[in-house]
Amino acid sequence: MPAQHVSRREFIKRNSLSGLGAVLAPSLLTHAATAATDRPAIATSHSVAEPPALLGGKPIRSKEWPAWPVWKPETDEKRLLEVIRSGVWSRAGVVTEFENEWARTVGAKRSLAVVNGTNALITALAQLDIRGGDEVLVPPYTFIGTVAPILANGAMPVFVDIDPATFQIDPAKIEAKITPRTRAIIPVHILGLPADMPAILAIAKKHKLAVIEDACQAHMAEINHQKVGTFGDAGCFSFQNSKNLAIGEAGAIVSNNDLFMDRCFSYHNYGNPYGMASGVIGAGTIMQGNKQRITEYQAAIGLAQLKRLDAETTLRNENAAYLKAKIETIPGVVPYKLYDHVTRAAFHLFPFRYKKDAFKGLSRDIFLKALSAEGIPCSKGYATLNNMPYLNDAFQSKNYRKMYPKKQLDFNQYVTQNHCPENDRICNEEAVWFTQNMLLGTRADMDEIADAIEKIYRHADKLVSLK
Ligand SMILES: *Cc1c(COP(=O)(O)O)cnc(C)c1O
């Protein structure tokens, strides 16, 4: 039906992401900001009294931020060149070595490398038999790569609102979303901050739900000294270029369940039996499969990156704690909170909530522009994932129309049922992010971030008239 295809595509084109669900609730708060002069500036080495860079003043910072990904030819290239010169490029010993190292790093029995984090989740869900008619609980505060795998398996995403203090799925809101069709939950350790796994596991156990951790942003993060990704039935990681362990593209599934991992392996290698070398022809295919193998040279890059992941993670944690302590004294700046049992975070991003009423009503967009102008890159982060056209596109597909009653595929009704007001506020009004590479800088770099925010706070009255 080409006409229908065209109209669906047109629909997607016409509905820009920002247009949907981006209705801002009028703020009910009054501007109760402390008068700027009531508290001392936190500035250390720059004058926050200078005019804001956005209004023509001198920026707080003009230096570059630490580059990402890190690549050191002296230490990183020997193995990679050996692999390239060997001509063995398809999956073989180096991939297995990387998998073993990754399993050891996170403390899982097994690890399987796949093409990316999205397909790690697709594979894990499929081998836990999450399929058509099943409902999967998921937070809306995440990357599309969490939700697309649910749809790829024909299942129905059900969104559970977040706790704005931690940015994570709110365990207190999970049980209200459970129905007889609920089969699994995907806790996402979003921004590299651990979700509340003890609370989530207790609920999953009570309702017999599978738990698939999306740890795509949370390499080496820990709860009670146990690495995230090892709490549920499966943990999924991404090694995409921006992630804390960067290969360009790749991902991994970890688990302690041998039968499950054998099936994942088969699935990632055409459905051929686990243990069979890649590329063997004519030996018999035992299950429905796909092909998701990474190359030997990707694994060689991963092994090089893995050597510095621990030290980088420590540095990010130290800088994040330092920066948090500095900026949380600024009115209207509310940094992330970690759960008490978190012993280490990954800090793929450093988030805070921006309360514009403390900044004389200065919009988040202008705040972000002003901060960027000071030499501090920043963003507002995710848009609301629980009301975008991709959902309706799946609901209108032939498979969904065969698998679900019409009522369940009513998009307007779906959006109403999946409304998540806390997430709306974080996405549409409050979240501000810094990227992980900035946390690989020095204490002086963190001081500059804090100074720049303080400077904007002090000059909010002059910036507020900008459009
Ligand atoms: C990056 C990411 C994914 C998908 O990983 P890819 O390797 O890009 O496919 C999934 N979930 C989250 C939370 C991510 O950040």
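Residues numbered from 1 in each chain as written. Predicted model: local features only at pLDDT ≥ 70, side-chain atom pairs only at ≥ 80, totals over all residues. Heavy atoms only, no water.

Turning our eyes to something else, we now look at the pattern of salt bridges. A full pass over the atoms with the stated rule returns 24 salt bridges. Among the salt bridges present, the one from Lys 462 reaches Asp 461, with a minimum N-O distance of 3.9 Å. Judged by its relative accessible area of 43%, Asp 461 falls in the partly exposed class. A network of salt bridges, in which partner residues are shared, links Lys 109, Arg 110, Asp 258 and Asp 262. (Salt bridge = Lys/Arg side-chain N within 4 Å of Asp/Glu carboxyl O. Buried < 20%, exposed > 50% of the residue type's maximum accessible area, 1.4 Å probe, protein only.)

Moving on, we come to the environment of Ile 203. Structurally, the position occupied by Ile 203 is in helix H6 (residues 197-207). Exposure remark for Ile 203: the relative accessible area of 11% places this residue in the buried category. The spatial distance from the C-alpha of Ile 203 to the C-alpha of Ala 172 is 9.7 Å, given a sequence separation of 31 residues. Each residue touching Ile 203, except ones within four places of it in the same chain, is listed here: Pro 171, Ile 174, Glu 175 and Ile 178. (Helix = DSSP H or I, 4+ residues; strand = E, 2+ residues; numbered from the N terminus. Contact = heavy atoms within 4.5 Å.)

Next up on the list: the environment of Asn 428. Mapped onto the secondary structure, Asn 428 falls in helix H13 (residues 421-430). The class for Asn 428 is buried, based on a relative accessible area of 17%. In sequence terms Asn 428 and Tyr 382 are 46 residues apart; their C-alpha atoms lie 8.6 Å from each other.

What follows deals with the nonpolar core. Ranked by size, the top nonpolar core spans 88 residues in total, and within it Tyr 141, Ile 212, Phe 352, Phe 359, Phe 367, Phe 434 and Ile 453 carry the most contacts. Take this core: its biggest share by element is seven residues, from helix H14 (residues 443-458). Looking at which domains feed residues into this core, each of domain 1 (8-69 + 308-382 + 425-463) and domain 2 (73-303) gives three or more. Residues contacting Ile 212, with those up to four places away along its chain left out, are Leu 121, Ala 124, Leu 125, Leu 128, Ala 184, Ile 185, Ile 186, Pro 187, Ala 234 and Cys 236. Among the nonpolar cores identified, the runner-up in size contains 45 residues, and Val 94, Val 158, Leu 245 and Ala 250 belong to it. (Core = buried A, V, L, I, M, F, W, Y, C linked by side-chain atoms within 4.5 Å. Domains from an automatic or database assignment.)

Now for the site of the ligand. Inspection of the region around the ligand gives 15 residues, with Gly 117, Thr 118, Asp 214, Ser 238 and Lys 243 positioned closest. Take Gly 117: an N or O atom from its main chain is 2.8 Å from an oxygen atom of the ligand. In the environment of the ligand, an oxygen atom lies 2.9 Å from a nitrogen or oxygen atom belonging to the side chain of Lys 243. Relative to its unbound accessible area of 380 Å², the ligand is 94% covered by the protein chains. Where the shell around the ligand is concerned, the elements lending two or more residues are helix H4 (117-127) and helix H5 (144-152). For the shell around the ligand, the residue count by class is four nonpolar, nine polar and two charged. (Near = heavy atom within 4 Å. Polar contact = N/O pair within 3.5 Å; in protein donor to acceptor, adjacent residues only side chain to side chain. Areas by Shrake-Rupley, 256 points an atom, 1.4 Å probe, with all protein chains shown as cover. Nonpolar A, V, L, I, M, F, W, Y, C, P; charged D, E, K, R; others polar.)

Across the five residues that make up strand S7 (residues 210-214), a large majority, five, are buried. As defined by bridge partners, strand S6 (residues 182-185) adjoins S7 across two bridges and the pair is classed as parallel. Pairing of Ala 184 across the sheet is with Ala 210, part of S7. Between the parallel pair S6 and S7, the chain is carried across by H6, and the sense of this crossover is right-handed. Here S7 runs beside strand S10 (residues 234-238); their pairing, made up of three bridges, is parallel. When the bridges of S10 are listed, Glu 213 appears paired with Gly 235. (Pairing = 2+ DSSP bridges. Right-handed = clockwise from strand over helix to strand, strands pointing away.)

Let us look at the state of the cysteines. Counting across every chain of the model gives zero disulfides. Distance from the sulfur of Cys 264, which forms no disulfide, to the nearest cysteine sulfur (Cys 236) is 8.0 Å. What makes Cys 264 buried here is its relative accessible area of 0%. Cysteine Cys 427 is unpaired, with the sulfur of Cys 420 as its nearest cysteine sulfur at 9.7 Å. Among the residues examined, Cys 427 registers a relative accessible area of 3% and is labelled buried. (Disulfide = S-S within 2.5 Å.)

Another point: the environment of Ala 373. Within the secondary structure layout, Ala 373 lies in helix H9 (residues 364-373). Assessed through its relative accessible area of 27%, Ala 373 is described here as partly exposed. Taking the C-alpha atoms as reference points, Ala 373 and Gly 57, separated by 316 residues in sequence, lie 9.5 Å from one another. Those residues in contact with Ala 373 that lie beyond four places of it in its chain are Ala 53, Leu 54 and Pro 59.

This part takes up the packing of aromatic side chains. Inspection of every chain in the model, using the stated rule, returns 21 aromatic pairs. Ring plane angle 85° and centroid distance 5.1 Å describe the contact between Phe 265 and Tyr 274, whose orientation is recorded as edge-to-face. Residue Tyr 274 is classed as partly exposed on the basis of its relative accessible area of 45%. The cationic tip of Arg 110 hangs over the ring face of Tyr 274; the distance from NZ or CZ to the ring centre is 4.7 Å. (Phe/Tyr/Trp six-rings, centres within 6.5 Å; stacked < 30°, edge-to-face > 60°. Lys NZ or Arg CZ within 6 Å of the ring centre and 35° of its normal.)

A separate point is the side chain of His 348. Within the element layout of this structure, His 348 appears in the loop between strand S13 (342-344) and strand S14 (349-354). Judged by its relative accessible area of 7%, His 348 is buried. Ignoring any residue separated from it by four or fewer positions in sequence, one finds His 348 in contact with Leu 191, Gly 192, Gln 217, Ser 242, Lys 243, Asn 244, Thr 435 and Gln 436.

It is worth spelling out the sheet that holds strand S8 (residues 222-223) at this point. Strand order in this open sheet of three strands is S9-S8-S13, and the pairing throughout is antiparallel. Among the strands making up the open sheet, the edge pair consists of strand S9 (226-227) and S13. Note: S8 against S13, two bridges, orientation antiparallel. If you follow Glu 222 over to S13, its bridge partner there is Arg 344.

As a further point, take the pairing of strand S11 (residues 251-255). Across the five residues of S11, five count as buried, placing the element largely inside the fold. Along S11, one buried face is formed by Gly 251, Ile 253 and Ser 255 and the opposite face, lined by Ala 252 and Val 254, is buried too. Sheet topology places strand S1 (residues 110-114) next to S11; five bridges connect them, and they run antiparallel. If you follow Val 114 over to S11, its bridge partner there is Gly 251. Taken together, the four bridges between S10 and S11 define a ladder with antiparallel strand orientation. In the strand pairing of S11, Ser 238 is matched with Gly 251.

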